[in-house]
Structure formats: structure tokens, C-alpha cells
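# Summary of structural features
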Amino acid sequence: MYAVIDVGSNTIRLSVYKVEKGIIKPMFNHKNVAGLAGYVDEYGNISPEGISKAVSVLNGMSRILSSVEVKEVYVFATASLRNIGNTEEARDKINEQTGFDLQ
């Protein structure tokens, strides 16, 4: 099985898929309303609280994944992290505190 985590500006969604004979079958989804856009300050940077919120949600998803045999986890950030002023800092802190390779 494979997992995809979409880190969006309002929600963070976990989707798990099984691939059999080239056919992708959705197994389950889990969504958390994180509201990361609300943590962006007037300078266009996500606050430490916003980073902590993302870390908390992602670590919760990691706990969910620990009960499932997943071959690979792909974590993608949408505009929520791409369009902020401190993208690299936020990505590095999230990667460090979750173990996920946030792209």
C-alpha cells in the first residue's frame, strides 16, 4: 500500500491506496482541518504556531499509518507552504519533527 498526504492551506488529507496488478484502489482517507492559512502573518510567513499545528496533524497521521503496512509515503505541500516567505524554514522544521520528507 501507498500513502499520500496533501498539506493544504485549510486541510491536511491522508489517502491510502493499494496497488494490485497496475490498478490503484483507494483504501481509506482521513482529513484534518488544520487551517494553516490562518497562521500566516502580515509579512507572509507562517508562524511557529502554524508549524506546530502542521507537525501535530502530521504526527497524528503517522500514528494512523503505523497500524497499516505502507510501502511508501508521499507528502506534498500545496500553496499553503509554497507561497509563504519562510517556506524552507517551515519545511525543514516539519521534516525534522515528523520524519516525513515534505515536498
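Figured I'd write up the structure that's included with this text. (Residues numbered from 1 in each chain as written. Predicted model: local features only at pLDDT ≥ 70, side-chain atom pairs only at ≥ 80, totals over all residues. Heavy atoms only, no water.)

## Some remarks on the overall build of the chain
For clarity, the threshold we go by: Helical segments are the DSSP runs of H or I of at least four residues, strand segments are the runs of E of at least two, and each set is numbered from the N terminus. Exposure classes here rest on a 1.4 Å probe applied to the protein chains alone. A residue is buried below 20% of its type maximum, exposed above 50%, and partly exposed in between. Whether two residues are in contact is decided by their heavy atoms: any pair within 4.5 Å suffices. Note on areas: Shrake-Rupley, 1.4 Å probe, and residue coverage restricted to the protein chains presented here. Charge convention: Lys and Arg are scored as positive, Asp and Glu as negative, and His as well as the terminal groups of each chain are ignored. Every charge is mapped to an atom, namely NZ of Lys, CZ of Arg, CG of Asp or CD of Glu.
Helix and strand content of the chain: 3 helices and 4 strands. N-terminal to C-terminal, the α/β element order of the chain is β-β-β-α-β-α-α. Each principal axis of the C-alpha atoms in the chain carries an extent, and together these give about 50 × 20 × 20 Å. Counting across all 103 residues of the chain, residues that qualify as buried make up 33%. Once local pairs closer than 6 in sequence are excluded, the contacts in the chain between residues at least 24 apart make up 57%. Of the roughly 6200 Å² of accessible surface on the chain, a fraction of 48% belongs to carbon and sulfur atoms. Side-chain charges of the chain comprise 11 positive and 12 negative groups, with the mean position of each set lying 12 Å from the other.

## Structural notes on the nonpolar core
Formally: For this analysis, a nonpolar core means a set of buried residues of the types Ala, Val, Leu, Ile, Met, Phe, Trp, Tyr and Cys, connected via side-chain atoms within 4.5 Å.
Core analysis: the largest hydrophobic core is formed by 24 residues, its most contacted members being Ile5, Val7, Ile12, Leu81 and Ile94. Within the residue set of this core, elements represented by two or more residues are strand E1 (2-7), strand E2 (11-20), helix H1 (48-65), strand E4 (72-77) and helix H3 (87-98). Ranked by the residues each element gives to this core, the list is headed by H1, at 7 residues. Aside from chain neighbours lying at most four places away, what touches Ile5 is Ile12, Arg13, Leu14, Leu58, Met61, Leu65, Val73, Tyr74, Val75, Phe76 and Phe100.

## Notes on the side chain of Asn86
Tracing the backbone shows Asn86 in the loop between helix H2 (79-82) and H3. In this structure, Asn86 is in contact with Asn45 and Ile46, ignoring residues within four places of it in sequence.

## So, unusual backbone geometry
At Lys21, a residue that is not glycine, the phi angle is positive and equals roughly 50°. Accessibility expressed as a relative area gives 87% for Lys21, which makes it exposed.

## A closer look at the environment of Ile46
Mapped onto the elements, Ile46 comes out in the loop between strand E3 (23-33) and H1. With a relative accessible area of 3%, Ile46 lands in the buried category. Here the alpha-carbon distance between Ile46 and Ile84, two residues 38 residues apart in the chain, equals 6.7 Å. Ignoring any residue separated from it by four or fewer positions in sequence, one finds Ile46 in contact with Leu36, Tyr39, Val40, Ile51, Leu81, Ile84, Asn86 and Ala90.

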